[in-house]
Amino acid sequence: MSNVMKESRRTTLTDDELLLGLADGSDSALQQLYRQYFPMVLHFVTSNSGSEDDAKDIYQEALIVVYEKVRAGSLELQCQLKTYLYSVGRRLWLKQLAQRGRYIVSDTEQSVRVDDDMTDHEERDRQFELMAESLDRLGEPCRTLLEDFYIRHLSMQAITDKFGYTNSDNAKTQKYKCLMRLKRLFFAEYKQ
Amino acid sequence: MGTNDEQEIENALRAYGDRVRLRQKLAAVQAAVDMDAMRQQADDLRSEPTPMRSWWTNYRTTLAVAASVAVVTTFTSIFVYRSYQNGHQQQQQQYSQLSKEIQAVKSSQRRILNDLDGRGRALNAAVASAQIAGTGFMLTADGYLVTSNHTVRDADSVYVQSQQGAVYKARVVYNDQPHDLAILQLCDDSAFRQASTAVPYGIDPRPSDLGERVFTLGYPRDEIVYGEGYLSSSTGYQGDSTAYQVAIGVNPGNSGGPLLNEKGNLIGIISGKQTTAEGVSFAVKTDYLLKTINSIPTDSLKGQPLRLNKKNTLTTLPRKQQIKRMMACVYQVSVFKHRQ
């Protein structure tokens, strides 16, 4: 019974509610996003010489594009969320195909222009790759310390305990030093 | 410590973290997704494009354009047609023919008293129930009159009434629709006595000059009414070269009245006025009256030739005397039609 209730509540989420849920990382919103629109992208990618895994990657990437735009407050939907997701997925797949030397043969839905949004996304991609690279080069324990604090959101006290610092001030100083090193590594590449 | 520098790298790191965490979440949701159901739905989408659907997909742009063109064309046609219609109506409205429609014209008591015999009464009663009224005037002393064609058009019977109140039945001899002229004859009526004197005015077939002083007599009401003005243009309504534009006050009922210049020469026949402008009236040029007279078939004249008066006896008279002389040959024309 409760399962049915949950199900029906999920299906009533509107585009706006889905977007809010996506920004908050709400499980029910993410589940509905998959249930509702993934088959469309799956159909598109597999109709255009892609595999099921390709489709999964493309859809995940498309959701990330939307997520980051919502978080940055720069999403202005001029169409249905469905159409937007299709258009973004289409662009992402088009790029993949181009790298493989192939082209889209058939559109399975109507699409809108997402050129500007994709330019923003490519910029964020570059930043993301660079950050991953910089963190790799940062080495331990700095990398884990920063990841614990900024990504896993551990408290300063938990980090102090985990890394065996005498007090949290020491941990803070250590974190600051790590951050500055990361900054040098990151911006040495990024600002070029 | 540069807080700014710190914030910049912290933001970059947080954005990185957000994406990492979202990826993990998405991977988890994706792993839980029922891929069989997804495949099934994707297959449903695949089987959807039926021939009709793909035809629709391929041609919908063309169809949309065709539909838009059809819609635009339809509405443009309607618009153009309507504006043409409106324009046409306006033209008709702007030009008003000056025959007078009458519900019940009351004959003045004086006329009934003056004409005590039964015949006069019957005719007066007939005149009283006329539907259209205009003006006409004698062309010859022996009973030919001219009036506006629009006054007598589709008439069942036509009666004319003199300024003294004598009523005669008239026969329409000839209609000249293009110039809006009609020739009537009174001699069918045995009561009509040929006038002892010829008509007093002359006919000037030459084009008159702008500024020529003119006057007219007519029956916008039961009494004869005098009006004067000047010739303001050598063409009529919308450049009609068969008519003059005259600045003169005329009203319904004036149609068919004579337009005379200061010398007492007939230069036109009142035909209409423009309703959208003040003092813009029109009169058919006498040149066309002469052409109309010449084109009457001999049969219609019934052996009584229409001989126009050549001598003008008004030339030297003062205006009041001119009017008095003219009044005798200007008639009220009453027209009867079957009511539909």
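The rules behind these values
- Each chain has its residues counted from 1, running along the sequence as written.
- Here chains are named by letter from A upward and ligands by number from 1 upward, in the order in which they appear as written.
- Under the rules for a predicted model, residues below a pLDDT of 70 receive no local features and side-chain atom pairs below 80 are neither given nor counted, while totals for whole chains, interfaces and linings still include all residues.
- Secondary structure elements are defined from DSSP: runs of H or I of at least 4 residues count as helices, runs of E of at least 2 residues count as strands, and each element is numbered from the N terminus.
- Each residue gets a C-beta atom placed from its backbone, and two residues are in contact if those atoms lie within 7 Å.
- Exposure classes come from backbone-placed C-beta atoms, where a residue is buried if 20 or more other C-beta atoms lie within 10 Å of its own, exposed if 12 or fewer do, and partly exposed in between.
- Only strands that DSSP links by at least two bridges are regarded as paired with each other.
- Throughout, an axis means a line fitted to C-alpha atoms (over the contacting stretch in the case of helices), and angles, computed between N-to-C directions, take values from 0 to 180 degrees.
- Geometric relationships in this document are graded by angle, where less than 35 degrees denotes roughly parallel, more than 145 denotes roughly antiparallel, 65 to 115 denotes roughly perpendicular, and other angles denote oblique.
- Each residue is assigned to one class: nonpolar for Ala, Val, Leu, Ile, Met, Phe, Trp, Tyr, Cys and Pro, charged for Asp, Glu, Lys and Arg, and polar for all the others, Gly among them.
- Residues of type Ala, Val, Leu, Ile, Met, Phe, Trp, Tyr and Cys that are buried and joined through C-beta atoms within 7 Å form what is called a nonpolar core.
- UniProt positions are given in the numbering used here, feature names are shortened, and annotations may be inferred rather than shown by experiment.
- Definitions for this section: a left-handed crossing has its near helix turned counterclockwise from the far helix by less than a right angle. A right-handed crossing has that turn clockwise.

In the nomenclature of an unreviewed UniProt entry, chain B is known as Trypsin-like peptidase of Spirosoma oryzae.

The name an unreviewed UniProt entry assigns to chain A is RNA polymerase sigma factor (Sigma-70 family), from the organism Spirosoma oryzae.

Section: the overall build of chain B
Of the regular secondary structure elements, chain B holds 9 helices and 15 strands. The contacts in chain B between residues at least 6 apart in sequence include a share of 68% that link residues at least 24 apart.

Observations regarding the pairing of strand β4 (residues 144-148) of chain B
Residue and element names in this part refer to chain B. Of all 5 residues that make up β4, 5 are buried, and the element is covered over most of its length. Bridge count between strand β3 (residues 132-138) and β4: 3 bridges; the pairing is antiparallel. Paired with Gly136 across the bridge in β4 is Thr147. For β4 and strand β7 (residues 181-185), the ladder comprises 5 bridges, and the chain directions are antiparallel. Along β7, the bridge assignment pairs Leu145 with Leu184.

Observations regarding the pairing of strand β10 (residues 225-233) of chain B
Both faces of the sheet carry side chains from a regular strand, because those side chains alternate between them. Residues and elements named next belong to chain B. Where strand β9 (residues 213-218) meets β10, 6 bridges bridge the pair, whose relative direction is antiparallel. Pairing of Arg213 across the sheet is with Tyr230, part of β10. In this structure, the hairpin formed by β9 and β10 is closed by a connection of 6 residues. Where β10 and strand β11 (residues 243-247) come together, 3 bridges link them in antiparallel fashion. Its bridge partner lying in β11, Tyr230 is registered against Ala247.

Concerning the environment of Ala243(B)
All names here are of chain B. Within the secondary structure, Ala243 is located in strand β11. Residues Ala243 and Ser281 lie 38 residues apart in sequence; the distance between their C-alpha atoms is 9.9 Å. Contacts of Ala243, omitting those with residues within four sequence positions, involve Thr235, Gly236, Tyr237, Ser271, Phe282, Ala283, Val284 and Lys285.

Observations regarding the packing of helix α8 (residues 156-163) of chain A against helix α9 (residues 168-190) of chain A
Residue and element names in this part refer to chain A. Following both chains from N to C, one finds α8 and α9 inclined at 90°, their axes separated by 9 Å at the closest point. Regarding the angle of α8 to α9, the classification is roughly perpendicular. Mapping the contact onto sequence places Met156, Gln157, Ile159, Thr160 and Phe163 in α8 and Ser168, Ala171 and Lys172 in α9. Among the residues making up the contact of α8 with α9, the classes are represented as 4 nonpolar, 3 polar and 1 charged.

Examining the nonpolar core
With 54 residues, the main nonpolar core has Leu145(B), Val160(B), Leu184(B) and Ala283(B) as its most contacted residues. In terms of residue count, the dominant contributor to this core is strand β6 (residues 167-176) of chain B (5 residues). If near-sequence neighbours (up to four positions away) are discounted, Ala283(B) is found in contact with Ala243(B), Tyr244(B), Val246(B), Leu259(B), Gly268(B), Ile269(B), Ile270(B) and Ser271(B). Membership of the second largest hydrophobic core comes to 35 residues, among which are Leu22(A), Tyr37(A), Tyr59(A) and Met38(B).

Some points on the UniProt feature "transmembrane region" (unreviewed entry) in chain B
Residues annotated by UniProt as "transmembrane region" (unreviewed entry) correspond here to residues 61-81 of chain B. The annotated region residues 61-81 of chain B carries 100% helix and 0% strand content, and the separation between its end C-alpha atoms amounts to 30 Å.

Some details on the environment of Gln185(B)
Residues and elements named next belong to chain B. Position of Gln185 relative to the elements: it lies in strand β7. C-beta crowding within 10 Å serves as the criterion here: with 23 such atoms nearby, Gln185 is assigned to the buried category. When neighbours within four sequence positions are excluded, Gln185 is seen to be in contact with Gly143, Tyr144, Ala170, Arg171 and Val173.

Focus: the packing of helix α3 (residues 27-47) of chain A against helix α4 (residues 52-72) of chain A
All names here are of chain A. At a minimum axis distance of 9 Å, the contact between α3 and α4 shows a crossing angle of 125°. One element, α3, and the other, α4, form an angle in the oblique class. Relative to α4, the crossing made by α3 is right-handed. Side by side, α3 and α4 meet where Leu33, Phe38, Val41, Leu42, Val45 and Thr46 of the first sit next to Glu52, Asp54, Ala55, Ile58, Tyr59, Ala62 and Leu63 of the second.

Here's the deal with the interface of chain B and chain A
Contacts between the two partners involve 25 residues from chain B and, on the opposite side, 29 residues from chain A. With 19 residues, helix α1 (residues 3-32) of chain B is the single largest residue contributor to the side of chain B that touches chain A.

Considerations on unusual backbone geometry
In this structure, Pro141(A) follows Glu140(A) across a cis peptide bond, with omega equal to 0°. For Pro141(A), the position within the fold is in the loop between α6 (115-138) and α7 (142-151). Notably, His153(A) is not glycine yet its phi reads approximately 55°, a positive angle. Among the secondary structure elements, His153(A) is positioned in the loop between α7 and α8. Even without a glycine there, the phi angle at Asp154(B) is positive, about 60°. Tracing the sequence through the fold places Asp154(B) in the loop between α6 (149-152) and β5 (157-161). Look at Asp154(B) and you get exposed, because 9 C-beta atoms sit within 10 Å.

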